[in-house]
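Each chain, written out:
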There are 2 protein chains.
Amino acid sequence: MNLASIYIKKLRNSGLRPTKQRIKICEVLFNTDKTFHFSINELSTLINSKYSQKISLATIYNTVHAFKDKGYLKQIPLNANQAYFDTNISDHHHFYDVNEKKLIDLDNSDVGPIKIYKKINGKKIKSVEVLVKLED
Amino acid sequence: MNLASIYIKKLRNSGLRPTKQRIKICEVLFNTDKTFHFSINELSTLINSKYSQKISLATIYNTVHAFKDKGYLKQIPLNANQAYFDTNISDHHHFYDVNEKKLIDLDNSDVGPIKIYKKINGKKIKSVEVLVKLED
DNA sequence: ACACAATTTAGAACCATTATAAACTATTAA
DNA sequence: TTAATAGTTTATAATGGTTCTAAATTGTGT
Ligand SMILES: [Mn+2]
Ligand SMILES: [Mn+2]
Ligand SMILES: [Zn+2]
Ligand SMILES: [Zn+2]
């Protein structure tokens, strides 16, 4: 079974039609053993340098949001003026190198267990994310 | 010694001229026992509802950035499409209630000690921030 | 092939933020 | 006191990431 057909299955299973554009985006995002972080613009450049047939920026926005909603991507709270996404959807944390302006994964095993003692009535914890800023 | 003169001293000590605008902004931000979180627009509304003489949005941006640079405010990585600031400059963490879209302080004592086992050569830790998302 | 809904796309709109540059003001030196 | 100067405020424009719009295209079930 080739790559494309795997992504077609994945898309169909998610209720998303397997269009040429979405399959290409899957190939760029998921056809690698390494996960990575990206902004929409970086992804757009990556995709459009890889293929001669361009994908519009609007489609890239649409698709990234769709994939995020389906849980195939995570958005990382970094509070820059642009959104950052992560193909690593496992429970993990981040270093942010403020000099290089680069995100680096911190596996869950790189961080000790995080205890939250405070409770808010009627609310439950959805996620716990640690951002460790690094400087020279 | 009255409030204004305290802020005048604070501003002078920071190399910032004590203008009417900056003193007012200090009063709104720091003249309270409770710390709080705000976006620039929320702060602008707060200030301009409290005083008849309005302060321009540009000045509020300038001043918030100056205060942040001086360490009188913290910016909170929330990755919304707007910046959030905190008058609580102590080392602490946050709950983010995704339903109410509200930030809640987590004192350092509300969170167990955070161990970071991974090291990056030549880099040192500048800050460690935990964001705990809450849902109903 | 056909009908229909989903998707793509270029371009416009949106909106938080930053830049500009002219008027104003705090400070310091005559 | 004034005068000179640098710092500040402000209205307004520009920027840039993101979302919206609506028309053209495409995927899917019949
Ligand atoms: Mn988004
Ligand atoms: Mn900012
Ligand atoms: Zn990551
Ligand atoms: Zn806080």
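Computed from a predicted model, the values in this text were never measured in an experiment.

1. Here we look at empty space enclosed by the protein
Then comes step 1: In this structure the tally under the stated criterion is two cavities of 30 Å³ or more.
Then comes step 2: The space that makes up the largest cavity amounts to roughly 150 Å³.
Then comes step 3: For the lining of the largest cavity, the secondary structure elements donating two or more residues are strand E4 (93-97) and strand E6 (124-135) of chain A together with strand E4 (93-97) and strand E6 (124-135) of chain B.
Then comes step 4: In terms of residue class, the lining of the largest cavity is built from eight nonpolar, six polar and two charged.
Then comes step 5: In this structure, the second largest cavity encloses a volume near 30 Å³.
Then comes step 6: Lining the second largest cavity, in full, are Lys 20, Gln 21, Lys 24, Gln 53, Lys 54 and Ile 55 of chain B.
Then comes step 7: Its residues placed into classes, the lining of the second largest cavity shows one nonpolar, two polar and three charged.

2. With respect to the coordination of the zinc ion (ligand 4)
Then comes step 1: Protein coordination at the zinc ion (ligand 4) comes from His 37 of chain B (NE2), Asp 86 of chain B (OD), His 92 of chain B (NE2), His 94 of chain B (NE2) and Asp 105 of chain B (OD), with a distance range of 1.8 to 2.3 Å.
Then comes step 2: Note on Asp 86 of chain B: relative accessible area 0%, which makes it buried.

3. Section: the coordination of the zinc ion (ligand 3)
All names here are of chain A.
Then comes step 1: Within the protein, the atoms that donate to the zinc ion (ligand 3) are His 37 (NE2), Asp 86 (OD), His 92 (NE2), His 94 (NE2) and Asp 105 (OD), at distances of 1.9 to 2.3 Å.
Then comes step 2: Read from N- to C-terminus, the donor residues coordinating the zinc ion (ligand 3) fall into the pattern H-x48-D-x5-H-x1-H-x10-D. Highlighted residues: His 37 in strand E1 (residues 37-39) and His 94 in strand E4, separated in sequence by 57 residues. A single burial state applies to His 37 and to His 94, both of which are buried.

4. Section: helix H3 (residues 40-50) of chain B
All names here are of chain B.
Then comes step 1: The set of residues buried in H3 consists of Ile 40, Leu 43, Ser 44, Ile 47 and Asn 48. Projected onto a plane normal to the axis of H3, the buried residues spread over an arc of 120° and lie on a single side. Projecting away from the buried face of H3 at angles above 90 degrees are the exposed residues Thr 45, Ser 49 and Lys 50.
Then comes step 2: In the core, the buried residues of H3 are packed alongside helix H2 (20-30), strand E1 (37-39), helix H4 (57-70) and strand E3 (84-86).

5. A word on the protein's contact with DNA strand C
Then comes step 1: The environment of DNA strand C is formed by 21 residues, the closest being Thr 19 and Arg 22 of chain A together with Tyr 61, His 65 and Ala 83 of chain B.
Then comes step 2: Of all DNA strand C atoms lying within 4 Å of any protein atom, the proportion belonging to sugar or phosphate reaches 78%.
Then comes step 3: Between DNA strand C and Thr 59 of chain A, the relevant distance is 2.8 Å, taken from a phosphate oxygen to a side-chain nitrogen or oxygen of the residue.
Then comes step 4: Here a base nitrogen of DNA strand C and a side-chain polar atom of Arg 17 of chain B are 3.1 Å apart.
Then comes step 5: Listed by contribution, the elements that provide at least two residues to the surface near DNA strand C are helix H2 (20-30) and helix H4 (57-70) of chain A together with H3 and H4 of chain B.
Then comes step 6: In terms of residue count, the dominant contributor to the surface near DNA strand C is H4 of chain A (three residues).
Then comes step 7: Looking at the surface near DNA strand C, its residues break down into seven nonpolar, nine polar and five charged.

6. A look at the domain arrangement of chain A
The figure often quoted for interface size is the accessible area lost as the parts come together.
All names here are of chain A.
Then comes step 1: Taken domain by domain, chain A comprises domain 1 (3-76) and domain 2 (90-134).
Then comes step 2: Taking the mean C-alpha position of each, domain 1 and domain 2 sit 25 Å from one another.
Then comes step 3: Each side of the interface is counted separately: domain 1 has five residues, and domain 2 has eight residues.
Then comes step 4: When domain 1 packs against domain 2, close to 480 Å² is buried across both sides, 51% of that on carbon and sulfur atoms.
Then comes step 5: Counting every contact that joins domain 1 to domain 2 gives zero salt bridges.

7. Re the sheet that holds strand E2 (residues 74-76) of chain B
Residues and elements named next belong to chain B.
Then comes step 1: Reading across from one edge, E1-E3-E2 is the order of the three strands in this open sheet, with antiparallel pairing throughout. Among the strands making up the open sheet, the edge pair consists of E1 and E2. Across this sheet, the average inter-strand angle for adjacent strands is 40°, counted without regard to direction.
Then comes step 2: With three bridges joining them, E1 and E3 adopt antiparallel strand pairing. By the bridge assignment for E3, Phe 38 is matched with Phe 85.

Cut-offs used in this document
- Residues numbered from 1 in each chain as written.
- Chains lettered and ligands numbered in written order.
- Predicted model: local features only at pLDDT ≥ 70, side-chain atom pairs only at ≥ 80, totals over all residues.
- Heavy atoms only, no water.
- 1 Å grid on protein atoms, 1.4 Å probe; cavity = no way out; pocket = protein on both sides within 12 Å on 5 of 7 lines; lining within 4 Å.
- Points joined across faces, edges and corners; volume = space filled by probe spheres on them.
- Helix = DSSP H or I, 4+ residues; strand = E, 2+ residues; numbered from the N terminus.
- Nonpolar A, V, L, I, M, F, W, Y, C, P; charged D, E, K, R; others polar.
- Donors = N, O, S within 2.8 Å, 3.2 Å for Na, K, Ca; no water.
- Buried < 20%, exposed > 50% of the residue type's maximum accessible area, 1.4 Å probe, protein only.
- Arc of directions from axis to C-beta.
- Contact = heavy atoms within 4.5 Å.
- Near = heavy atom within 4 Å.
- Polar contact = N/O pair within 3.5 Å; in protein donor to acceptor, adjacent residues only side chain to side chain.
- Domains from an automatic or database assignment.
- Buried area = accessible area lost by both parts, 1.4 Å probe.
- Salt bridge = Lys/Arg side-chain N within 4 Å of Asp/Glu carboxyl O.
- Pairing = 2+ DSSP bridges.
- Axes fitted to C-alpha atoms, helices over the stretch in contact; angles between N-to-C directions.

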